[in-house]
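A look at the structure
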Amino acid sequence: MKLLKEPLLHFLIAGAALFGAYAWMNRAPEDPNAGQTPSLQVGAGDIEWLAQNWTTQWRRQPTPEELRGLVTDYTDELLLAREARSLGLEDNDVIVRRRLAQKPTFLVEDTARRAEPSDTELQQFYAGHAQLFRSDARISFTQVYFSPQQRANAQSDATSTLQRLRDDGALSTAALGDRLLLEADFRDETEQSVSAAFGGAFARAVFSLEPGVWSGPIESGYGQHLVRVSTRQEGQLRPFADLREQVVEAWRSEEERTTKELYLAGLRKKYRLVVDDALKPLMVPIAAASSRQP
């Protein structure tokens, strides 16, 4: 009886009652699936999607045996993915993050690629992107090489030789300059092929020269060159009728790029991106892209 009168006991009983009431009022809702085996559902839409992807890739319908293999691989993938999530294997995994980022990108690009342009759209695209459908400009030229390894001043020697060539149009170049593993005469070359042989700066300089006269010195990775362009054929816009398939592919690539940019711009408006002040200068391209109007 004396124990029942202890204030400490009364305090403990009251505390236990309050704790029990709080726990009962804030108990977690019962999970209707508790104790049940987790399920994965595969429906007719999934099978249709698998068959459609196969058809897109192989340009034919899958056979029943091939379709069974696709379904088996798909269900195995679902099981492994569910187990990986249950184990938390996706946490802080850069590969998983990149794959997740790729999924909506693939969806957006696939949507754009499935679009079929009209002839009017293709004609407008062809006219607006003529630089994509021009044949390469071509050039023929002769070069005389002056080696900085074999001469005290290759540029000065090239300049003096240039004057001789201009003064005497019949002067042979065979005994002029130094030996180079590359040829002296080049015929019907594109800027890309000249760039591969001598470097981009040299190629751009040669394609800007006036035909029929000796020019230079022009520097390459080898040394100094005197160059005489004999012919230059400008690039020509190839006929649309000959390039229709190429125009379609270029149009689809442009549609994919534009659709993806608009999709990302929408995501940047949907989600608030918090960036440290010190990092904001690095985000300028993103800000510029998100402000681009459709």
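Residues numbered from 1 in each chain as written. Predicted model: local features only at pLDDT ≥ 70, side-chain atom pairs only at ≥ 80, totals over all residues. Heavy atoms only, no water.

A look at the nonpolar core
With 14 residues, the main nonpolar core has Phe 141, Val 194, Phe 202, Val 206 and Val 227 as its most contacted residues. Breaking this core down by element, the ones donating at least two residues are β1 (138–146), α7 (191–198), α8 (200–207) and β4 (224–233). Looking at which element gives the most residues to this core, the answer is α8, with 4 residues. Excluding anything up to four places from it in sequence, Val 206 contacts Ile 139, Phe 141, Ile 218, Val 227 and Val 229. Residues Leu 122, Val 247, Val 248 and Trp 251 belong to the second largest nonpolar core, which totals 10 residues. (Core = buried A, V, L, I, M, F, W, Y, C linked by side-chain atoms within 4.5 Å. Buried < 20%, exposed > 50% of the residue type's maximum accessible area, 1.4 Å probe, protein only. Helix = DSSP H or I, 4+ residues; strand = E, 2+ residues; numbered from the N terminus. Contact = heavy atoms within 4.5 Å.)

Details of the layout of surface pockets
The computed volume of the largest pocket comes to approximately 970 Å³. In this structure, the largest pocket is lined by 23 residues; those nearest its centre are Trp 49, Glu 77, Arg 99, Leu 100 and Lys 103. Of all the secondary structure elements, the ones that give two or more residues to the lining of the largest pocket are α2 (44–58), α3 (64–86) and α4 (94–114). Top element by residues in the lining of the largest pocket is α4. It accounts for 10 residues. (1 Å grid on protein atoms, 1.4 Å probe; cavity = no way out; pocket = protein on both sides within 12 Å on 5 of 7 lines; lining within 4 Å. Points joined across faces, edges and corners; volume = space filled by probe spheres on them.)

Quick look at the packing of aromatic side chains
For the structure shown, the criterion picks out 10 aromatic pairs. Seen from their ring centres, Trp 54 and Trp 58 are 5.7 Å apart, and the 40 degrees between their planes marks the pair as tilted. On the criterion of helical spacing, the pair formed by Trp 54 and Trp 58 is a turn pair, its members being 4 residues apart in helix α2. Joined through ring pairs, the aromatic side chains of Phe 141, Phe 186, Phe 198, Phe 202 and Tyr 222 make up one cluster. (Phe/Tyr/Trp six-rings, centres within 6.5 Å; stacked < 30°, edge-to-face > 60°.)

Things to note about the packing of α7 against α8
At their nearest, the axes of α7 and α8 sit 7 Å apart, and the two run at 135 degrees to each other. One finds that α7 runs oblique with respect to α8. In this structure, α7 crosses over α8, and the sense of that crossing is right-handed. Contacts between α7 and α8 involve Glu 191, Val 194, Ser 195 and Phe 198 from the former and Gly 200, Phe 202, Ala 203, Arg 204 and Phe 207 from the latter. (Axes fitted to C-alpha atoms, helices over the stretch in contact; angles between N-to-C directions. Parallel < 35°, antiparallel > 145°, perpendicular 65-115°, else oblique. Left-handed = near helix turned anticlockwise from the far one by under 90°.)

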